[in-house]
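Commentary on secondary and tertiary structure
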Amino acid sequence: MAKRDYYEVLGISKTATEEDIKKAYRNLAKKYHPDVSSEENAAEKFKEVQEAYEVLSDPTKREQYNQFGHDGPQMGGFDGFNFGGFGGFGGFEDILSSMFGGRTRTSENGKRPTRGNDLRTSLTISFEEAAFGTEKELSINKYESCTKCNGLGAESKNDISVCSRCHGRGRIVVEQNSIFGRIQTETACSTCGGTGEVIKNKCSLCGGDGRVKKVSKIKVRVPAGIDDGQGLKLSGYGEAGRKGGMNGDLYINVNVRPHEIFQRDGLDIYMEMPITFSQAALGANIIIPTLTGNVNLKIPSGTQTGTKFKLTGKGISNSRTLDTGHQYVIVSLVTPTKLSGEQKDLLKKLSKTDEMSESIFSKIKKFFKN
Ligand SMILES: [Zn+2]
Ligand SMILES: [Zn+2]
């Protein structure tokens, strides 16, 4: 995405004074601060505003920006506004693309329904389970809607009255001193805890919260083809919301255990297959293990160590993209360490007839000194 002009971001002219810049920043920061804003993409916009302010409020940086724009020598370092992003995920559509590092808006939204917290957990599966998909059960300790009061928090509806301090708003205005002078900020009402309500007879099970923390068992379907470090999102399986708010989501980071003989690269599988000298020299049919059972591989005579053979379609299938990888077999010649007398005799006979490939020999020959 192309970067917007910093002056445009702050909605000011090129000739704006320092005071204009501060003022514009203050207004926009209040509007887009992720903790209070209900705007779409608030976090991104807030980040953009902060970045523009960072540059334009500094006379040196502003000067450089005026001259060189975003490509200026000092314009590179603005990735420091880190809202976290959920690292390590890729490949699947429902993977989280942007989140503000663990920030949640739940506690400050007052009387409005608030969404439950997102939760993160990890899951370790075997190489084969990743290849073919699997179903796992997770035990997650999380807030669930109280079954006794159905999330109401009170013994009955009549036990709930409007908070007299905030008059049901759930928020009160406080004045604070800041670098910009006195500013008014809203915070959650401490009398009602931001709910806007006071409960006379709290629900005996949840104590008025409307939610109870308990261990829930969740079935997770892991799709075939998932790779180590990829993630899954289970919408609505995070913590329960308050006052009828939506549930949060559950993010699962999937770890795949290494396999004893197979290595994975995307959807392709690699393995090393030891072969004997006679197999390499004479050619052979060897049996190769794959994820779907043994297959025959014909090794031609004169096969060199390190030769790579491809078993088409024997890799991993991604159940979502329907792509399938291949299996690559890299043969390695094993030199025998224990020989019987008969084998030694045969090899001695063989060595007398040795002839090295002419092309290789001629390459090496020029390095010998006469
Ligand atoms: Zn209140
Ligand atoms: Zn309850």
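About the cut-offs
- Residues numbered from 1 in each chain as written.
- Chains lettered and ligands numbered in written order.
- Predicted model: local features only at pLDDT ≥ 70, side-chain atom pairs only at ≥ 80, totals over all residues.
- Pairing = 2+ DSSP bridges.
- Helix = DSSP H or I, 4+ residues; strand = E, 2+ residues; numbered from the N terminus.
- Core = buried A, V, L, I, M, F, W, Y, C linked by C-beta atoms within 7 Å.
- Buried ≥ 20, exposed ≤ 12 C-beta atoms within 10 Å, placed from the backbone.
- Contact = placed C-beta atoms within 7 Å.
- Axes fitted to C-alpha atoms, helices over the stretch in contact; angles between N-to-C directions.
- Parallel < 35°, antiparallel > 145°, perpendicular 65-115°, else oblique.
- Left-handed = near helix turned anticlockwise from the far one by under 90°.
- Nonpolar A, V, L, I, M, F, W, Y, C, P; charged D, E, K, R; others polar.

**Quick look at the pairing of strand β15 (residues 327–333)**
When strand β11 (residues 268–275) meets β15, the two strands line up parallel, connected through seven bridges. What sits directly across from Met-271, in β15, is Val-329. Two strands pair when backbone bridges link them, and strand β14 (residues 308–311) and β15 are joined in this way by four bridges, in the antiparallel orientation. Of the residues in β15, the one forming a bridge with Phe-309 is Val-329.

**Some remarks on the nonpolar core**
One finds Tyr-6, Leu-10, Tyr-25, Val-49, Ala-52, Tyr-53 and Leu-56 to be the most contacted residues of the largest nonpolar core, which totals 16 residues. Mapped by element, the contributors of at least two residues to this core are α1 (6–10), α2 (18–32) and α3 (42–56). It is α3 that contributes the most residues to this core, seven residues altogether. Apart from the residues within four sequence positions on either side, Tyr-6 is in contact with Ala-52, Val-55, Leu-56 and Tyr-65.

**Observations regarding the packing of α2 against α3**
Relative orientation of the contacting elements α2 and α3 amounts to 165°, with a least axis distance of 9 Å. Overall, the two elements α2 and α3 adopt an arrangement that is roughly antiparallel. The handedness of the crossing between α2 and α3 comes out as left-handed. Contact residues: α2 offers Ile-21, Tyr-25, Leu-28, Ala-29 and Tyr-32, while α3 offers Ala-42, Lys-45, Phe-46, Val-49, Tyr-53 and Leu-56. Classifying every residue of the contact of α2 with α3 by side-chain character gives ten nonpolar, no polar and one charged.

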